[in-house]
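# Structure at a glance
The chain contents come next:
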Amino acid sequence: MDIRELRAPVEHGPWPPLTHLPPLSFEPLRGARSWTGLTYAQVPGFRPLVLDLHVPQASRPAPLVMWVHGGGWSEGDRRLVPLQWGQQELFQRLIDAGIAVATPDHRLIGEAAPDDMVRDLVAALRYVRHYALDLGLDVDRVAVWGDSAGAHLASLVGLAGSAARPDPHFLGRLGVGAGRTDVAAIIWWYGASDLTVLPDLTESLWRGVDSEARDWLAMAYSPVSHLRADSPPMLIMHGDQDSLAPLEQATRLHERARAVGARSRLIVVPGADHVFVGADIGVQWQAAIDFLQESLGA
């Protein structure tokens, strides 16, 4: 089966957990040079951490967005976007817009806590910058974009990594171990922004941690805690009928950004459930791509 033919098992409503995927074939993205399975970090005792990268064929270095998949911190695949959307079209639209896209895997909740997931993604960001000359990338025009759990992780990477003095413990030293972690823009799609008001989620993310330490972790690993006046511009998008992620998480993030003087744009999509089911996904993609082109000069 070509990956573009992969669809959700049911059109509407929940489906049983996916236990496997069929054999998938991949055609190259039109107008792109692609690398698959680049090992951006090796962590003793764990599987190699890998990413895929698609770069527009052009005569000048390309801006880049790092796409972080969702999946409730417990599942997900760097090759896939939500199954309701169809596969590869989003990545193709980015290439057509002149924007490279990196899609990293990271460790999941059965392997590591969110602390390490953030460090994994920082390592992926440092890797593509470290090899930017070989990969045809512009190190100064880099953005992050995540959906659902990926929005939580991507925004943490972008906000913490863009601080004037990034916390080395928070960011870690995996992979190439050092290098720039700042980004020029962040796209947050229907994720978590303030874990301090989501105690059940926090308990599931840090199992076995005592309540006092968990309260501190909830604060430290909430994107709202890392907003500053000089934070990168953010595009925040959420459906007003989302049955999984509270819309309040989007408004909290936007209001906190406005309160500290950070640049933030909030789009509430009418009639849209999680992953924008019920809305035209192409319209949502285009809003994000327009924001990237504006922010990255693509």
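See the structure printed just above.
To keep things clear, this report deals only with the structure shown in the data block. (Residues numbered from 1 in each chain as written. Predicted model: local features only at pLDDT ≥ 70, side-chain atom pairs only at ≥ 80, totals over all residues. Heavy atoms only, no water.)

## Focus on the overall build of the protein chain
Inclusion rule: Secondary structure is summarised from DSSP: a helix means a run of H or I of at least four residues, a strand means a run of E of at least two, and numbering begins at the N terminus for each. It is over C-alpha atoms that the radius of gyration is taken, and the globule rule equals 2.2 Å times the number of residues to the power 0.38. Contacts are assigned to residue pairs that have any heavy atoms within 4.5 Å of one another. Using the Shrake-Rupley algorithm and a 1.4 Å probe, accessible areas are obtained, with residue cover drawn only from the displayed protein chains.
For the protein chain, the count of helices and strands is nine helices and eight strands. The globule rule puts the C-alpha radius of gyration for 298 residues at 19 Å, and the 18 Å found for the protein chain is close to it. The dimensions of the protein chain, computed from C-alpha atoms along their principal axes, are 50 × 45 × 40 Å. When contacts within the protein chain are restricted to residue pairs at least 6 apart in sequence, long-range pairs at least 24 apart make up 76% of them. Of the roughly 12900 Å² that the protein chain leaves accessible, carbon and sulfur atoms contribute 52%.

## Regarding the pattern of salt bridges
The condition is simple: The salt bridge criterion pairs a side-chain nitrogen of Lys or Arg with a carboxyl oxygen of Asp or Glu, the two atoms within 4 Å. The classification of residues rests on relative accessible area computed with a 1.4 Å probe and restricted to protein chains. Under 20% of the type maximum is buried, over 50% is exposed, and intermediate values are partly exposed.
If you walk through the whole model with that rule in mind, you get 17 salt bridges. Note that Arg180 is salt-bridged to Asp140, the shortest N-O span being 2.8 Å. With Arg180 in the loop between helix 5 (168-171) and strand 6 (185-189) and Asp140 in strand 5 (residues 137-147), the pair connects residues that are 40 residues apart, well separated along the chain. A salt bridge links Asp182 to Arg180; its shortest N-O distance comes to 3.0 Å. Look at Arg180 and you get partly exposed, because its relative accessible area is 36%. Because the salt bridges share partners, they merge into one network encompassing Arg129, Asp140, Arg180 and Asp182.

## A few points about the sheet that holds strand 8 (residues 264-269)
Rule in force here: A pair of strands is treated as paired once DSSP finds two or more bridges between them. Every axis corresponds to a line fitted to the C-alpha atoms, with the helix fit spanning only the stretch in contact, and the corresponding angles, defined between N-to-C directions, vary from 0 to 180 degrees.
Reading across from one edge, 1-2-4-3-5-6-7-8 is the order of the eight strands in this open sheet, with mixed pairing throughout. Two strands bound the open sheet, and with one partner strand each, they are strand 1 (32-41) and strand 8. The mean angle between the axes of side-by-side strands here comes to 20°, regardless of whether they run parallel or antiparallel. With seven bridges connecting them, strand 1 and strand 2 (residues 49-56) associate as antiparallel partners. In the strand pairing of strand 2, Leu38 is matched with Leu51. Against the sheet, helix 1 (residues 89-96) contacts strand 1, strand 2, strand 3 (62-68), strand 4 (100-104) and strand 5, and its axis sits at roughly 145° relative to strand 4. Each of strand 3, strand 5, strand 6, strand 7 (234-239) and strand 8 is contacted by helix 9 (residues 281-296), which is oriented at about 165° to strand 6, the strand it contacts most.

## A look at the pairing of strand 4
In regular strands, side chains alternate between the two faces of the sheet. The buried fraction of strand 4 amounts to five of the five residues, a majority that puts the element mostly inside the structure. Here strand 4 shows no split at all, with Ala100, Ala102 and Pro104 on one side and Val101 and Thr103 on the other all buried. Pairing analysis gives four bridges linking strand 2 to strand 4, with the strands arranged antiparallel. The residue bridging Asp52 from the neighbouring strand is Thr103, located in strand 4. Of the pairings in the sheet, the one linking strand 3 to strand 4 comprises three bridges and is parallel in character. Looking at strand 4, one finds that Leu64 is bridged to Ala100.

## Some remarks on the environment of His152
With respect to the element layout, His152 can be found in helix 4 (residues 149-161). For the pair His152 and Ser193, spaced 41 residues apart in sequence, the C-alpha separation works out to 6.2 Å. Apart from the residues lying within four places of it in its own chain, the contact partners of His152 are Trp73, Trp188, Ala192, Leu195, Tyr221 and Pro223.

## Quick look at the packing of helix 1 against helix 9
Our working definition: In this scheme, a crossing is called left-handed if the near helix is turned counterclockwise away from the far one by less than a right angle; it is called right-handed if the turn is clockwise.
Interaxial distance between helix 1 and helix 9 falls to 11 Å at its minimum, and their mutual angle equals 35°. Viewed along their axes, helix 1 and helix 9 form a crossing whose handedness is right-handed. For the pair formed by helix 1 and helix 9, the contact residues are Glu89, Leu90, Arg93 and Leu94 on the first element and Gly282, Trp285, Gln286, Ile289 and Leu292 on the second.

## So, unusual backbone geometry
If a residue is not glycine, its phi is most likely negative; likewise, a peptide bond is most likely trans. Its identity as a non-glycine residue notwithstanding, Gln88 has a phi of 80°, on the positive side. Within the element layout of this structure, Gln88 appears in the loop between strand 3 and helix 1. Within the chain, Ser148 stands out as a residue other than glycine whose phi angle is a positive 60°. For Ser148, a relative accessible area of 15% corresponds to the buried category.

## Concerning the pairing of strand 5
Across the eleven residues that make up strand 5, a large majority, nine, are buried. Relative to strand 5, strand 3 is paired through six bridges, and the arrangement is parallel. Note on strand 5: the bridge partner recorded for Val65 is Ala143. Bridge analysis of strand 5 against strand 6 gives five bridges, and the strand direction is parallel. Bridging across to strand 6, Val144 finds its partner in Ile186.

Geometric values such as these leave the question of function open.
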